[in-house]
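# Understanding the architecture of this molecule
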Amino acid sequence: MLNNYAFVLILSVLAFVLPTTAVVLGWILGPKRPDPIKVSTYESGVETIGDTWVQFKAQYYLIGLIFLIFDVEVIFLFPIALAYQQLTLFGVVATVTFVVILLMGLFLEWRKGALEWQ
Amino acid sequence: MMDILSQLFPLPPIPTVPQAVFILIALVTVVGALIVAIAPNLYHNALGLIVAFFGAAGIYALLEAEFLAVSQVLIYVGAISTLITFAIMLTRGMMFGRTSRNNKQVLTAAIMSCLLFVTLWGVIGHVPWPSVFADLPNGEAIIAKLGELFVTTYMIPFEMMALLLLVALAGALMLARDK
Amino acid sequence: MLNWSAALSQFLMNLGLPQEVALGITFFIGALVLASIGPVLALVLIHITRKVISRIQDRLGPNRLGPWGIFQSAADAVKLLSKEDIRPAEADVIAYTMAPLLAVFGVIMSLAVIPFANGLIGVDLNVGVLYLVALGSIGIMSALMAGWSSNNKYALLAGFRVVAQLLSYEIPMVLAMLGPVLLVGSMRMNQIAAFQRLEIAGFNIGAGYTAFIIPAMAMIFFISALAESEQTPFDLLEAESELIAGFHIEYSGMKFAMFFLAQFLNSFFLGAIMVTLFFGGWQGPFVDQLPILGVVYFLIKCFAVYVVMQWVRGTFPRVRIDQMMDFAWKVLVPLVLLLILWQMVALKLPVPTWIQYVSVFVGNIVVVGIVLGVLGRYFRGEQLRTKRAFEPKSLIGTMQPAPETAGD
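### Section: the overall build of chain A
Along its length, chain A carries three helices and zero strands. For chain A, the N- to C-terminal ordering of α and β elements is α-α-α. In chain A, which comprises 118 residues, the share counted as buried stands at 40%.

### Some points on the domain arrangement of chain B
Split by domain assignment, chain B resolves into domain 1 (13-98) and domain 2 (142-179). Taken over C-alpha atoms, the centre of domain 1 of chain B sits 25 Å from the centre of domain 2 of chain B.

### Points about helix α6 (residues 140-151) of chain B
Residue and element names in this part refer to chain B. The terminal C-alpha atoms of α6, which comprises 12 residues, lie 18 Å apart, in line with the 16 Å expected from a rise of 1.5 Å per residue. Those residues of α6 not exposed but buried are Glu140, Ile143, Ala144, Gly147, Glu148, Phe150 and Val151. Projected onto a plane normal to the axis of α6, the buried residues spread over an arc of 155° and lie on a single side.

### Focus: the packing of helix α3 (residues 89-111) of chain A against helix α11 (residues 321-346) of chain C
Any two packed helices are characterised by the angle at which their axes cross and by the distance between the axes. At a minimum axis separation of 10 Å, α3(A) and α11(C) run at an interaxial angle of 165°. Between α3(A) and α11(C), the crossing angle belongs to the class labelled roughly antiparallel. Note on packing geometry: the crossing formed by α3(A) with α11(C) is left-handed. Between α3(A) and α11(C), the contacting residues are Val92(A), Thr95(A), Val96(A), Val99(A), Leu103(A), Leu106(A) and Trp110(A) on the first element and Lys330(C), Val333(C), Pro334(C), Leu337(C), Ile340(C), Leu341(C) and Met344(C) on the second. In the contact of α3(A) with α11(C), the residues fall into 12 nonpolar, one polar and one charged.

### Section: the interface of chain B and chain C
Counting residues at the interface gives 19 residues for chain B, matched by 20 residues for chain C. Counting residues per element, the ones that place at least two in the side of chain B that touches chain C are α3 (42-62), α4 (66-89) and α6 of chain B. The biggest single contributor to the side of chain B that touches chain C is α4(B), with 11 residues. Its residues placed into classes, the side of chain B that touches chain C shows 11 nonpolar, six polar and two charged.

About the thresholds
Residues numbered from 1 in each chain as written. Chains lettered and ligands numbered in written order. Predicted model: local features only at pLDDT ≥ 70, side-chain atom pairs only at ≥ 80, totals over all residues. Helix = DSSP H or I, 4+ residues; strand = E, 2+ residues; numbered from the N terminus. Buried ≥ 20, exposed ≤ 12 C-beta atoms within 10 Å, placed from the backbone. Domains from an automatic or database assignment. Expected span 1.5 Å × (residues − 1). Arc of directions from axis to C-beta. Axes fitted to C-alpha atoms, helices over the stretch in contact; angles between N-to-C directions. Parallel < 35°, antiparallel > 145°, perpendicular 65-115°, else oblique. Left-handed = near helix turned anticlockwise from the far one by under 90°. Contact = placed C-beta atoms within 7 Å. Nonpolar A, V, L, I, M, F, W, Y, C, P; charged D, E, K, R; others polar.

Structure representation (structure tokens):
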């Protein structure tokens, strides 16, 4: 089975080398005339106003957190799905409870407005 | 002559392929961890952490724990690194996050970490770890067995974990609403 | 069953090479083939996209360079190669350079577990499906890196929104992938494709697609795949008129080409994954007798799905970002969780297998109907409430129709 991952490793090296070669080729072949105006930050043709920061929006962090929670749930569901043929009623009930608890969590988030306004 | 030399200075044996791969992955992980600790730019710290996570996933794969390896990438690199990066990016003023790496306690910190390292080495070397059971099913069957264990023997921790996730959701809501 | 790695390494070992070297060379050749499929395929895909969309928009599309304009994409590639590599001042060099490379990396790595024919797969990992999901997270990371390292307010903002979109649609996609895994009982991609056989009188006509049993899951996967690869109707973050081309504003030349490449390949490979999971991958008539035929069936299905994706792209308008997030979390995730629940219950009913499948199918339709009905009413209520909130009360009932103009 380790051979499989050797293939993945080799592919990862190649998958990294290929775009790098393309970018390096582009770097070699392209003209290089750096110009203070060209390398300045793009802002629809006007000068940059103020520092480059973005207003903190808790929404982004919340979405990331909800994603994490459901991701962990999914991770647990996959091995259970593999073993599903051999499970008894007890196992089915346990899994259903698991999914229902998380569904309730989603519903809670919905009611409390965490899913609003992107 | 070569015999005398090789007796005086015993060379390590040429590593086999798994050993070589392990050395490579371990180097990657350690370098990543070093970047986390040393790089002045806060975002580079996060990137180093991602590298270290990949390294850990590689080590899991090398130990034939493929489900763990994939979960590691999925959860740590996918979700947790994104959260950490969000936290870094959304904190104003960290754009030019260059903090001084040294403060007054550098010497104490160095001594304590060396002590910790030596202690861990000693303890890990002397604990009688149980050997791997040879009768575990291989390949896919082991993941199926894991799933089965989730809902039979370890069902209570499993459901507790679902409740824990629910609590985490509610807690996140509380925190976000206070802003 | 074709086993390319065993055959090739056997051949090399017969030439006298030690086993490890033979295996290494085999893997290297296989990886080289897979890695080079990417760019070549991208050129074909870009051409197809242009042709399909231009036909929908009632024009001809590229038709000057070569017969049917097939050299257009190659010409574009050469053009991008010769552009200057402008790096904005104060951009974070490491992250700025790595972001496009990582995007392509994640996409090419997903080729390792896609079965082109029975056994013609890079490696049939035991965790094939999860491996694909894990690679998606690399794409998310690269988008965030690109937005941040460009040192540009708009790129950063666009980067955040792209990541929010990708994260939101990752969950329905992964849960939709759980559907076939539940049915087949395996995460190996080749196994899932091999499961979808249909025996009529002892002859496999390869039409036992999972999509016939769980069509709602296939639909959810398709929609989430559209959102994950940022195709319309979810492409508001690369739309030319919004946020000035999104998080890859500050990229030029080959680096931009890499993002472009990654996006096209991503949509195609997500289509390929959909074909494998839901439409039988390489299954079709006569694959048992002639395994190589699987490649033909697979490619036909993949390109069909890709054309449908471009069709959708040319037809639907864009959705707003808040509509998009609402759709993901309030519609798709509850829907797919309920579908999974029903599937889990139905598969354990003490009835013969085919009745279980029929009940799963019926359950799909019923659950979709119920959820859409409930949510439809909820959202329409919301819409009405917001509309009423915006209508100035003074004007209700006082608007007169415009007077008829008599001549002019």
